[in-house]
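Residue strings, one per chain:
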Amino acid sequence: MRVLVTGASGRLGRKVVPRLRDGGCTVRALSRRPREDSTVEWTVADLATGEGLAAAVDGVAAVLHLASSSARRTHAVDVLGTGRLVAAADRAGVGHLVYVSIVGVDRVPLGYYRHKLAAEQVVAAGPVPWSVLRATQFLEFLEELLRGAGRLGPVIGDRAVLAQPVDSGEVADRLVAMLAAGPSYAVAEFGGPQVLRFDEAVRAWQAARRSHRPLLPVPIPGRLGRALRSGGLTTTVTPTGSRIWADHLADTYGGSGRR
Ligand SMILES: NC(=O)c1ccc[n+]([C@@H]2O[C@H](COP(=O)([O-])OP(=O)(O)OC[C@H]3O[C@@H](n4cnc5c(N)ncnc54)[C@H](OP(=O)(O)O)[C@@H]3O)[C@@H](O)[C@H]2O)c1
């Protein structure tokens, strides 16, 4: 079966593509720029304009829609672009579209999340058979967030924010299984095995890197802070992934992690 993967060059896409290929799928990978890889059919398209989408979906049985723009173009790319992709997929007779979203899009008041929720609704209201998976933050994304929070010296953040980071490879496994199972017409959730407070995540990260930078606690105000501290980014849904923050740190910086 030929599967189109949008966002194939991203964190999650790089994990999904080899799994699909190893499972016997022919992968067509969408990017805004030309890319070379003899094991994948790269196709150039832009969700923000719709250019290239008709050719991208031509002859594919299913679409894994991972592309997203968390910067200024979220409405154009994630909401309108998802609408363009769904319309093109419908015209091409695509049998299943799997969309990746984020745990908490329905309760954490962030602009990016509002757009992701709207994109979910575009998928669910559209004519193409669908499934949605909401994942929690990827382990490597949490690391990038902490690097950003520490760029001025101390690590700045709200110590009581709760996260449930998940291994992106395990999310990719879940997506491949959802693709094989066929359209569910439902929103599923998938998180990591452990809920961590921000200060616990920072302490473990600093210890792994042998860094002594202090944590500068800055509570996030208002509704956003309350949503983040009360577990808006976490899920009780099982099964969860199996890799935890300590495993990621051990793999990245050495040491034993929990093993
Ligand atoms: N990161 C997390 O922790 C996390 C957690 C839960 C869910 N998610 C969701 O999982 C999905 C993948 O996240 P990620 O972290 O892997 O993303 P990422 O690394 O930021 O990659 C984003 C991808 O979107 C593509 N893209 C951006 N604008 C585009 C446009 N106008 N047209 C076509 N493609 C465009 C990029 O492709 P090119 O640059 O090659 O064009 C890139 O491959 C997203 O939907 C995200 O919301 C992420």
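Here, every reference points to the structure presented above.
Since the model is a prediction, treat every value here as computed from it, not as a measurement.

### Here's the deal with the environment of His212
Note that His212 resides in the loop between helix 7 (198-208) and strand 11 (215-217). On a C-alpha basis, the gap between His212 and Gly192 in space is 27 Å, while along the polypeptide they are 20 residues apart.

### Description of the packing of helix 5 (residues 139-149) against helix 7
Axes are the key here: two packed helices are described by the angle between their axes and the distance separating the axes. Where helix 5 meets helix 7, the axes come as close as 11 Å, and the angle between the chain directions of the two elements is 85°. Comparing the axis directions of helix 5 and helix 7 gives the class roughly perpendicular. Residue-level contacts link Leu142, Glu143, Leu146 and Arg147 of helix 5 to Phe198, Ala201, Val202 and Trp205 of helix 7. Here the contact of helix 5 with helix 7 is composed, by residue class, of six nonpolar, no polar and two charged.

### Comments concerning the sheet that holds strand 5 (residues 96-102)
Taken together, seven strands build an open sheet; the order of strands is 3-2-1-4-5-6-9 and the sheet is parallel. Only two strands of the sheet have a single partner each, and these edge strands are strand 3 (41-44) and strand 9 (187-190). With direction set aside, neighbouring strand axes in the sheet form an average angle of 20°. Where strand 1 (residues 2-6) and strand 4 (residues 62-65) come together, four bridges link them in parallel fashion. Note on strand 4: the bridge partner recorded for Thr6 is His65. Its contacts with the sheet put helix 4 (residues 111-125) on strand 5, strand 6 (130-135) and strand 9, and the angle it makes with strand 5 is roughly 160°. Along the sheet face, helix 6 (residues 168-181) touches strand 1, strand 4, strand 5, strand 6 and strand 9 and points at about 165° away from the line of strand 6.

### Remarks on the side chain of Glu140
In this fold, Glu140 is placed in helix 5. Residues in contact with Glu140, not counting those within four places in the same chain, are Arg11, Lys15, Ser168 and His248.

### A look at the pattern of salt bridges
When charged atoms on two side chains of opposite charge get close, those side chains can pair. Under the criterion given, the structure shown has 14 salt bridges. We note a salt bridge from Arg159 to Asp199, for which the minimum N-O separation is 3.8 Å. In this pair, Arg159 is assigned in the loop between strand 7 (155-157) and strand 8 (162-163) and Asp199 in helix 7, connecting sequence segments 40 residues apart. When its relative accessible area of 40% is taken as the criterion, Arg159 is described as partly exposed. Classification of Asp199 by relative accessible area gives buried; the value is 8%. One network of salt bridges, in which partners are shared, links Asp106, Glu120, Arg134 and Glu189.

### Details of the nonpolar core
Membership of the largest hydrophobic core comes to 26 residues, with the highest contact counts inside it found for Val5, Leu12, Val16, Leu20, Leu64, Val171 and Leu175. Mapped onto this core, the elements with two or more residues apiece are strand 1, helix 1 (11-22), strand 2 (26-31), strand 4, strand 5, strand 6 and helix 6. Residue contributions to this core peak at five residues, all from helix 6. In contact with Val5, not counting residues within four places along its chain, are Val16, Val17, Leu20, Val27, Arg28, Ala29, Leu30, Leu64 and Leu66. Ranked by size, the runner-up nonpolar core spans 24 residues in total, among them Ala48, Ala67, Val94 and Val132.

### A word on the pairing of strand 5
Among the seven residues that make up strand 5, seven are buried, leaving the element largely enclosed by the rest of the structure. With burial as the criterion, each face of strand 5 is covered, one bearing His96, Val98, Val100 and Ile102 and the other bearing Leu97, Tyr99 and Ser101. Alignment of strand 4 against strand 5, held across four bridges, turns out to be parallel. Paired with Leu64 across the two strands is Val98, which belongs to strand 5. Pairing geometry for strand 5 and strand 6, over six bridges, is parallel. Across the sheet, the residue bridging to Ile102 is Ala135, located in strand 6.

The rules behind these values
- Residues numbered from 1 in each chain as written.
- Predicted model: local features only at pLDDT ≥ 70, side-chain atom pairs only at ≥ 80, totals over all residues.
- Heavy atoms only, no water.
- Helix = DSSP H or I, 4+ residues; strand = E, 2+ residues; numbered from the N terminus.
- Axes fitted to C-alpha atoms, helices over the stretch in contact; angles between N-to-C directions.
- Parallel < 35°, antiparallel > 145°, perpendicular 65-115°, else oblique.
- Contact = heavy atoms within 4.5 Å.
- Nonpolar A, V, L, I, M, F, W, Y, C, P; charged D, E, K, R; others polar.
- Pairing = 2+ DSSP bridges.
- Salt bridge = Lys/Arg side-chain N within 4 Å of Asp/Glu carboxyl O.
- Buried < 20%, exposed > 50% of the residue type's maximum accessible area, 1.4 Å probe, protein only.
- Core = buried A, V, L, I, M, F, W, Y, C linked by side-chain atoms within 4.5 Å.

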